[in-house]
Amino acid sequence: MIDSVVIPLLKILIVLNAVLVAVTFMVLLERKVIAWTQVRLGPMRVGPHGILQPIADVLKLMIKEDITPVKADRWVFTMSPMLVLVPALIMFAVIPFGPTTSLFGREVTLYITDLNVGLLYIVSVTSIGVYGIILAGWSSNSKYPLLAGLRASAQLISYEVAVTMALVSMIVSAGTLSMVGIVNAQASQGVWYLFIQPVAFFIFFVGGLAETNRAPFDMPEAEQELTGGFHTEYSGMRVALFFLAEYANMIVLASVATTLFLGGWLRPFPNVEALAFLGIIPSWCWFLLKTFVFLYIFIWIRATLPRYRYDQLMRIGWKVLIPLAIANVVVSGILKVMF
Amino acid sequence: MGPITPTHYVLLSSALFMIGVFGVITRRNIIIIFMSIELILNAVNINLIAFSLQWGNSIGQVFVLFVIAVAAAEAAVGLGIILAMYRNKETINIDEMNVLKW
Amino acid sequence: MAETITFYMLGGLILLFAVLVVSTRNTVHGIIFLVIDFLVVALLYASMNSMFVAAIQVLVYAGGIVVLYLFVVMLVNHKRPPEEYADPNRRNWLGAAMTAAVLGELVIIGAYASLRPAAVSASATKVGYVKETAMVLYTDYIIPFELVSILLLVAMVGAIILARREW
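The structure presented is a predicted model; accordingly, all values stated were derived computationally and were not measured.

## Some details on the overall build of chain B
(1) Moving on: Within chain B one finds three helices and zero strands.
(2) Moving on: Ordered by position from N to C terminus, the α and β elements of chain B give α-α-α.
(3) Moving on: Taken over the C-alpha trace, chain B has a radius of gyration of 17 Å; the compact-globule value for 102 residues is 13 Å, which it surpasses by more than 25%.
(4) Moving on: Seen through its principal axes, chain B has C-alpha atoms that stretch 55 × 25 × 20 Å.
(5) Moving on: In chain B, buried positions account for 52% of the 102 residues.
(6) Moving on: Counting only contacts in chain B whose residues sit at least 6 apart along the sequence, the fraction spanning at least 24 positions is 47%.

What follows is the structure in structure tokens.
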């Protein structure tokens, strides 16, 4: 009873709370990092060096007036922010934060569950995340959100194909679909998959940027384009849910990239005995450190690169990334059979 | 209410099949008709998986993969036809798509 | 016991949402009900221990095909309700009567079958896992696999040509 119900519930509670807190502080991190890149300071007023800024943001969004357009479809309008947030959060169910450790005298696995089709689960849930965007755009009953919603979802489904193909070549290397199995395969190989499959990493990274509507692919939601995109008509807590969902998607993507390409919870050079002193740092700390590196790279790219135009964006997705990903699958298969 | 036998699954899939057929026969909106066809295909899939479970081999699952692939192809082509028809006649009412009627 | 409750709950939800799909006036609402229906069908597959097919159902059906339907609905959505004109030769009552007859037969069959329960056969091999499915797919059924890939290519080219605007 305890092992099958209470412990997973506790894990879910911990992970959800950690994610929601992390997302609100991601907002602050992004503003600070972009500010420092642009030789200014960012939010500094609320709390020491602006640490408490997310709390001020959340309070502001909670007490704002909730406006629903008159002709909007009420049910779908209310449901769309939830439809965007839920897929982003349930992807955390298969992400492994660490191996089986013993906590308080009990063997506890540091992941909520280990599906034997874990990677396929993540790809499937990503493809469900398209619905919230289209329905948000359509239910606002207004031209700009509808067009922006269609653009954003067209971008998402285009890059989904490239990301899935890149993950297929990863599966060819690892031989298993379960996330824990992939980390264990990296441990037994002794080298991170980043060095074995660099092309897949590049495609996954670029496709992931496009999937989460991050710069330089953030045309559907940038303020200068289409007056705010598919969440134009939303206000108050609902737009907070949209941003929560975007940052949660980013964190999920960083976690998945860490697990697949950077070795998950393994310390650097996991099979080299001379570096065993690095084992002092617990495994989930390594995981969080590597995820944080990815998040920082995402923000860095946003601060640095200009935005792609929509037709350039679609051209890259269909004409550059997909052929590259398919070629990568073929080459991976051949190399795997030969060696 | 004993254990779940394949009979239960066959009854469920037959009921879903009939609801899909009702949708195809009764509705006039062509997109709802296509969605009812997808319901019919899903009913067939439930049947196949139930029997794959009963026989204990993976042939049912492979067949389901093929049915899903064929449904995807059919949906793409069907929606292309709907778009072309809409551009010509500005309607999605299937009773108005009777240009070939004698 | 848990399996029985799961099956009846999931089966009831599937049929409920299917009825909502075929009886709704608003097309976009119908699409939303269809997505929920497909997700519940994927849950049913997962309860039947077929994780791979459940994931493929979500990925392809709910996440691909229905998104395509949603796009087309956005493009053809216009203000006139499409159900205004009805062909005078249409006999909807016949379709409803046939459906009711078949559903009644199903109830009778269900009642009859519950009196003589069939045996549940336990499967010795692992069914529903990726490896076993892949072994069957790539060895016994390799030719249909290649044919389906050609079919998808043909469908893709056909859909592009059909939906292209003639400038």
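## Let's talk about the pairing of strand β1 (residues 100–103) of chain A
Residues and elements named next belong to chain A.
(1) Moving on: Of the strand pairs in this sheet, β1 and strand β2 (residues 106–109) are connected by four bridges, and their pairing is antiparallel. Across the sheet, T100 pairs through a bridge with T109, a residue of β2.
(2) Moving on: Counted along the chain from β1 to the antiparallel partner β2, the turn is two residues long, and its residue F104 has a positive phi close to 55°.

## Comments concerning the interface of chain B and chain C
(1) Moving on: Each partner contributes residues to the interface: chain B has 66 residues there, and chain C has 73 residues.
(2) Moving on: Within the residue set of the side of chain B that touches chain C, elements represented by two or more residues are α1 (6–26), α2 (30–55) and α3 (59–89) of chain B.
(3) Moving on: The leading source of residues in the side of chain B that touches chain C is α3(B), at 22 residues.
(4) Moving on: Of the residues belonging to the side of chain B that touches chain C, the class tally is 42 nonpolar, 19 polar and five charged.

## Some thoughts on the confidence of the model for chain A
(1) Moving on: In the predicted model, chain A carries a mean pLDDT of 87, and the fraction of residues at 70 or more is 98%.
(2) Moving on: For chain A, the element scoring lowest by mean pLDDT is β1(A), at 79; helix α9 (residues 198–211) of chain A scores highest, at 93.

## A word on the packing of α3(B) against helix α5 (residues 130–139) of chain C
(1) Moving on: Direction vectors running N to C along α3(B) and α5(C) enclose 70°, while the axes themselves pass 9 Å from each other. In this view, α3(B) runs roughly perpendicular relative to α5(C), as classed from their interaxial angle. Together, I59(B), Q61(B), V62(B) and L65(B) of α3(B) and T133(C), V136(C) and L137(C) of α5(C) make up the contact between the two elements.
(2) Moving on: Counted by class, the contact of α3(B) with α5(C) contains five nonpolar, two polar and no charged residues.

## Describing the interface of chain C and chain A
(1) Moving on: Facing 15 residues of chain C, the contacting portion of chain A comprises 17 residues.
(2) Moving on: Looking at the side of chain C that touches chain A element by element, the count peaks at eleven residues for helix α3 (residues 51–76) of chain C.
(3) Moving on: Among the residues forming the side of chain C that touches chain A, the class breakdown is 13 nonpolar, two polar and no charged.

## Looking at the environment of R238(A)
Residues and elements named next belong to chain A.
(1) Moving on: By secondary structure assignment, the location of R238 is in helix α10 (residues 237–261).
(2) Moving on: The class for R238 is buried, based on 21 C-beta atoms found within 10 Å.
(3) Moving on: Through-space distance from the C-alpha of R238 to that of P81 is 6.1 Å; in sequence the pair is 157 residues apart.
(4) Moving on: Among residues more than four places away in sequence, those in contact with R238 are D66 and P81.

## Describing unusual backbone geometry
All names here are of chain A.
(1) Moving on: A positive phi angle, near 55°, is found at H49, a position not held by glycine.
(2) Moving on: Among the secondary structure elements, H49 is positioned in the loop between α1 (2–37) and α2 (53–62).
(3) Moving on: H49 sits in the partly exposed class, given 14 other C-beta atoms within 10 Å.
(4) Moving on: In this model, N213 sits at a positive phi of 55°, which is unusual for a non-glycine residue.
(5) Moving on: Relative to the helices and strands, N213 is located in the loop between α9 and α10.
(6) Moving on: Judged by C-beta crowding, with 21 C-beta atoms within 10 Å, N213 ranks as buried.

## Brief notes about the packing of helix α4 (residues 118–128) of chain A against α3(C)
(1) Moving on: Where α4(A) meets α3(C), the axes come as close as 9 Å, and the angle between the chain directions of the two elements is 15°. One finds that α4(A) runs roughly parallel with respect to α3(C). Handedness of the α4(A)/α3(C) crossing: left-handed. Contact residues: α4(A) offers L120(A), Y121(A), V123(A), S124(A), S127(A) and I128(A), while α3(C) offers A55(C), V58(C), L59(C), A62(C), G63(C) and G64(C).

## Considerations on the arrangement of the chains
(1) Moving on: Summarising the chain contacts, two pairs of chains touch, and the pair with the most contacts is chains B and C.
(2) Moving on: Nothing in chain A touches chain B; the tightest C-alpha to C-alpha distance between them is still 14 Å.

## Concerning the nonpolar core
(1) Moving on: Membership of the largest hydrophobic core comes to 166 residues, with the highest contact counts inside it found for A166(A), A248(A), L16(B), I31(B), A55(C), V66(C) and Y69(C).
(2) Moving on: Considering every element that reaches this core, the biggest residue donor is α3(C), with 18 residues.
(3) Moving on: Once residues within four sequence positions are removed from consideration, V66(C) is found in contact with I31(C), L34(C), V35(C), F38(C) and Y61(C).

## Let's talk about helix α5 (residues 130–139) of chain A
(1) Moving on: Most of α5(A) is tucked away: ten of the ten residues are buried.
(2) Moving on: For α5(A), the complete set of buried residues consists of V130(A), Y131(A), G132(A), I133(A), I134(A), L135(A), A136(A), G137(A), W138(A) and S139(A).
(3) Moving on: Of the surrounding secondary structure, the elements contacted by the buried residues of α5(A) are α3 (74–90), α4 and α6 (143–174) of chain A together with α2 (27–47) and α3 of chain C.
(4) Moving on: Following α5(A) by one or two positions, N141(A) has its phi on the positive side, about 55°.

## Details of the confidence of the model for chain B
(1) Moving on: The pLDDT averaged across chain B works out to 90; a share of 97% of its residues lies at or above 70.
(2) Moving on: For this predicted complex, the interface confidence comes out at an ipTM of 0.92, alongside a pTM of 0.92.

Cut-offs applied
Residues numbered from 1 in each chain as written. Chains lettered and ligands numbered in written order. Predicted model: local features only at pLDDT ≥ 70, side-chain atom pairs only at ≥ 80, totals over all residues. Helix = DSSP H or I, 4+ residues; strand = E, 2+ residues; numbered from the N terminus. Rg over C-alpha atoms; globule rule 2.2 N^0.38 Å. Buried ≥ 20, exposed ≤ 12 C-beta atoms within 10 Å, placed from the backbone. Contact = placed C-beta atoms within 7 Å. Pairing = 2+ DSSP bridges. Nonpolar A, V, L, I, M, F, W, Y, C, P; charged D, E, K, R; others polar. pLDDT = per-residue confidence, 0-100. Axes fitted to C-alpha atoms, helices over the stretch in contact; angles between N-to-C directions. Parallel < 35°, antiparallel > 145°, perpendicular 65-115°, else oblique. Left-handed = near helix turned anticlockwise from the far one by under 90°. Core = buried A, V, L, I, M, F, W, Y, C linked by C-beta atoms within 7 Å.

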